[in-house]
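Summary of the model geometry
Listed below are the residues making up each chain.
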Protein chains: 2
Amino acid sequence: MTNPELISLLKDPELLIPAIVQDVNTREVLMLAYMNTQSLAMTLSSGRATYWSRSRNELWVKGATSGHFQQVHSISLDCDGDALLVTVTQTGVACHTGEVTCFHKPLPMSAL
Amino acid sequence: MTNPELISLLKDPELLIPAIVQDVNTREVLMLAYMNTQSLAMTLSSGRATYWSRSRNELWVKGATSGHFQQVHSISLDCDGDALLVTVTQTGVACHTGEVTCFHKPLPMSAL
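Presented here is a report on the structure given in the accompanying data block. Source: prediction; values computed, not measured.

1. A closer look at the overall build of chain A
Helix and strand counts for chain A stand at two helices and seven strands. The secondary structure elements of chain A, listed N-terminal to C-terminal, are α-β-β-α-β-β-β-β-β. For a compact globule of 112 residues, the expected C-alpha radius of gyration is about 13 Å, and chain A comes in at 15 Å, within 12% of that figure. Principal-axis analysis of the C-alpha atoms gives chain A an extent of 45 × 35 × 30 Å. Relative to its 112 residues, chain A shows a buried fraction of 47%. Sequence-distant contacts in chain A: of pairs separated by 6 or more residues, those separated by 24 or more amount to 41%. A gap of 8 Å separates the mean positions of the 7 positive and 10 negative side-chain charges of chain A.

Below is the structure:
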């Protein structure tokens, strides 16, 4: 698959694509990050999860500062081409708080 | 938790929040949808996954037309309050194509 072929799969290559990150072993959902076509291409070629940081507005090799890299096993596009599922082997933890997953705040059901 | 307390947890209550949907039994990631505060409140109170349809611009009770409802087990907010993880029991399949999951298009690694 060439870069243009890849881009042709995306619903809107100009937009950031949400990327769900799942631990390939525990199947735990670790985080939600965003990719642009450049970071997606880097991830596909290097096997190391690379996102686009919306806060810093720059490419973000996950783990570059923390050491908590993500080795990518698979990337799947969803049926309408506007979301990605990335399965990874996580070194250390995914969340900057030190938790295994960023999703560690359960909301109470029947709360409203 | 009251509605204002819930809303105070969200990074930007005016924005749509991406919601990762995971099968609570198989731990498969089924889809990515979007919620606004109204659909999140409906989901929390009813236990039935309700999203905001960006294409139809209306509330979307998943399964209302297909019968493929999602019974919600848990909802977790991520560390920075701008994404949700929803675990569900899926009736039928999640994807409108008939596939179990919307993420059924693997991309080739080392492709670029």
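2. Remarks on the state of the cysteines
By definition, a disulfide links the sulfur atoms of two cysteines through a covalent bond. Taken as a whole and judged by the stated rule, the model has zero disulfides over all chains. Considering cysteine sulfurs only, C95(B) is the nearest to C79(A), which forms no disulfide, with 3.7 Å between them. Here C102(A) is not cross-linked by a disulfide; its sulfur's nearest cysteine counterpart is in C95(A), at 3.7 Å.

3. Focus: unusual backbone geometry
All names here are of chain A. Backbone geometry at R27 places phi at a positive 65°, although glycine is not the residue there. Tracing the backbone through its elements, the reader meets R27 in the loop between β1 (17–23) and β2 (29–35). Given a relative accessible area of 32%, R27 falls into the partly exposed group.

Cut-off values and rules
- Residues numbered from 1 in each chain as written.
- Chains lettered and ligands numbered in written order.
- Predicted model: local features only at pLDDT ≥ 70, side-chain atom pairs only at ≥ 80, totals over all residues.
- Heavy atoms only, no water.
- Helix = DSSP H or I, 4+ residues; strand = E, 2+ residues; numbered from the N terminus.
- Rg over C-alpha atoms; globule rule 2.2 N^0.38 Å.
- Buried < 20%, exposed > 50% of the residue type's maximum accessible area, 1.4 Å probe, protein only.
- Contact = heavy atoms within 4.5 Å.
- Lys, Arg positive; Asp, Glu negative; His and termini not counted.
- Charge placed at Lys NZ, Arg CZ, Asp CG, Glu CD.
- Disulfide = S-S within 2.5 Å.

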